[in-house]
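Working through the structure, step by step
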Amino acid sequence: MPESPLPHATIDPTSIFEHFRGNHGTELLTAAAAHFRLFDKLAAGPLAWHELRSQLALAERPLVVLITALRAMRLIERASDKYRLTPLAREHLVSTSPLSVADYIGLAAESPGVLAMVERLRTDLPAGAKSDTDEGAGTAFIYREGTDSAMEQEASARHLTLALAGRAKNVAPVLADVLPLAGDETLLDLGGGTGIYSIALLRKYPQLRAIVLDRPEVLKVSHEFAEQYGVADRLELLAGDMFSAALPAGVDRVLLSNILHDWDVPECIELLKRSAAALSVRGEVLIHDVFLSDELDGPLPIALYSAALFTLTEGRAYSAAEYRAMLGAAGLTAGQVIPTLIHCGVLVARRA
């Protein structure tokens, strides 16, 4: 098959993604105002984190998603170790305020999207996940042993993998531009999907070989992409579960591109430990993802993307500080985030 180019975007598509994810702002704001009455609760005085958890009856992950978004909207702020309303929220979102728009916001309270978000926040489960009382229909974007996943069915796995490749095709060439891999020989791409990130790196560095580990149905698409882009002879496809499969040893780089945001902190640390164990002595782990601010107060587009991740996976968006803590638990240390495209960046980590 003839080799196809991997083009660079001539126009930054970031704004398209921001518009696409904007509905989660409506859902979180309405949930906070109409279902959890959060602004009325804070009107009585600032609350510490554990008090917010108690009064809202939310687990850690959903509370982080909700409060991060509201802080990014400049409706809640942190003062010392407590959270309080901003003047904007106090004047317009407290139900007893003369200029309150809380009832207006409440007009969307029974909309399907808002109700679905409230359910996700209260249960701390992604859409389709099994609970103790509900068999569920299976998750779409993640695979976990014992859980039905669309990534295990050929048609749905193909559809989702190709859909996710839309963003990756734009970002991958930029990642290849900012990563100096001239001296590297092997790259392990965990959960690599179509392999498009590996393919971009292989096309830039002819000495490099890459291994993409993913589910068997997903790798059928990876094979097609490897043939299309002329790198099939340097791209190995390894079927398995990234939490349990034996990983190749002594690789120069392990790439986790938009993977860790699918998982909660314990699972992220587990994947980082496994990645660290696969490295050569001077090898590095590459976390390519979106990054919240270290204060967890924005930016708003990433806070809303975090809400999208929260509803579909077991994870959320994390800050660089949070990733550094996870890397530390895996015996790794990282530098600064290097931006790529569409809110993404890469954090390079090596043994501490």
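In this text the structure is predicted, and so the values were computed from the model without any measurement.

Once that is clear, we can look at the pattern of salt bridges. Applying the stated criterion to the full structure yields 10 salt bridges. Taking the shortest distance from any N to any O, the salt bridge between Arg253 and Glu284 comes out at 3.0 Å. Taken together, the residues Arg253 in strand S7 (residues 251-257) and Glu284 in strand S8 (residues 279-292) connect sequence positions 31 residues apart. Here Arg253 and Glu284 have matching classes, each one buried. Glu322 serves as the salt-bridge partner of Arg316, at 2.6 Å between the closest nitrogen and oxygen. On the basis of relative accessible area, Arg316 is assigned to the buried category, the value being 6%. Through salt bridges with shared partners, one network takes in Asp184, Arg253, Glu284 and Arg350.

Right, let's talk about the environment of Trp49 for a bit. Within the element layout of this structure, Trp49 appears in helix H4 (residues 49-56). Measuring from C-alpha to C-alpha, the distance between Trp49 and Ile67 comes to 9.9 Å, with 18 residues separating the pair along the chain. Setting aside chain neighbours within four positions, we find Trp49 in contact with Glu60, Leu63, Val64, Ile67, Asp81 and Tyr83. Side-chain polar atoms of Trp49 contact the side chain of Glu60, separated by 3.1 Å.

Before going further, it helps to spend a moment on the domain arrangement of the chain. Examined at the domain level, the chain breaks down into domain 1 (14-123) and domain 2 (150-298 + 313-351). The C-alpha-based centres of domain 1 and domain 2 are spaced at 33 Å. Facing the 11 residues of domain 1 at the interface are 13 residues of domain 2. Here domain 1 and domain 2 share an interface that buries about 1,100 Å² over both sides, 55% of which is from carbon and sulfur atoms.

Another point: the packing of H4 against helix H5 (residues 60-72). Between H4 and H5, whose axes approach to 11 Å, the crossing angle comes to 105°. Compared by their axis directions, H4 and H5 come out roughly perpendicular. Of H5, the residues touching H4 (which contributes Trp49, Leu52, Arg53 and Leu56) are Glu60, Leu63, Val64, Leu66 and Ile67. Counted by class, the contact of H4 with H5 contains 7 nonpolar, no polar and 2 charged residues.

Taken together, Val101, Tyr104 and Leu107 make up a surface patch of nonpolar side chains, about 370 Å² in accessible area. By the secondary structure assignment, Leu107 is in the loop between helix H7 (102-105) and helix H8 (112-123). Look at Leu107 and you get exposed, because its relative accessible area is 71%.

The geometry of H8 relative to helix H13 (residues 300-312) is characterised by a closest axis approach of 10 Å and an angle of 70° between their N-to-C directions. As the angle between them shows, H8 and H13 are arranged roughly perpendicular. Residues Met117, Arg120 and Leu121 of H8 form the contact with H13, whose participating residues are Ala307, Phe310 and Thr311. Looking at the contact of H8 with H13 residue by residue, the class counts come to 4 nonpolar, 1 polar and 1 charged.

This paragraph deals with the side chain of Glu27. Tracing the backbone shows Glu27 in helix H2 (residues 23-35). For the buried residue Glu27, which engages in no salt bridge, the nearest side chain bearing the opposite charge is Arg120, 9.8 Å off. A distance of 3.1 Å separates the side chain of Glu27 from the side chain of His24, its partner in a polar contact. Those residues within four positions of Glu27 in sequence are excluded, and the remaining contacts are Gly113, Val114 and Met117.

Reading the values: rules and limits
- Throughout this document, residue positions are counted from 1 along each chain, in the order its sequence is written.
- Note on the predicted model: pLDDT of at least 70 is required for a residue's local features to be given, and 80 or more for side-chain atom pairs to be given and counted; whole-chain, interface and lining totals, by contrast, use all residues.
- Excluded from the side-chain calculations are hydrogens and water; all other atoms, namely the structure's heavy atoms, are used.
- Salt-bridge detection follows one rule: a side-chain nitrogen of Lys or Arg within 4 Å of a carboxyl oxygen of Asp or Glu.
- Each helix is a run of H or I in the DSSP string that is no shorter than four residues. Each strand is a run of E no shorter than two, and both are numbered from the N terminus.
- We call a residue buried when its accessible area falls under 20% of the maximum for its residue type, exposed when it is over 50%, and partly exposed in between, using a 1.4 Å probe and counting protein chains only.
- Between two residues, a contact is recorded if the distance between any of their heavy atoms is within 4.5 Å.
- By the criterion applied in these results, polar contacts are pairs of N or O atoms within 3.5 Å in which, for protein atoms, one can donate a hydrogen and the other can accept it, and in which residues neighboring in sequence qualify only through two side-chain atoms.
- Domain start and stop positions are those given by an automatic or database domain assignment.
- Accessible area, probed at 1.4 Å, shrinks when two parts are joined; the buried area is that loss added up over both.
- Orientation is described by lines fitted to C-alpha atoms, with helices fitted over the stretch in contact, and by angles between N-to-C directions that extend from 0 to 180 degrees.
- These descriptions rest on fixed angle ranges, namely under 35 degrees for roughly parallel, over 145 for roughly antiparallel, 65 to 115 for roughly perpendicular, and the rest for oblique.
- Note on residue categories: nonpolar means Ala, Val, Leu, Ile, Met, Phe, Trp, Tyr, Cys or Pro, charged means Asp, Glu, Lys or Arg, and polar means any other residue, Gly included.
- Patch membership requires over 30% relative accessible area and the absence of a salt bridge. Like charges are linked within 9 Å, and nonpolar side chains (Val, Leu, Ile, Met, Phe, Trp, Tyr) within 5 Å.
- Every accessible area reported is derived by Shrake-Rupley at a probe size of 1.4 Å, with residue values counting cover from the shown protein chains alone.
- As used throughout, the charge tally considers Lys and Arg to be positive and Asp and Glu to be negative, leaving His and the chain termini uncounted.

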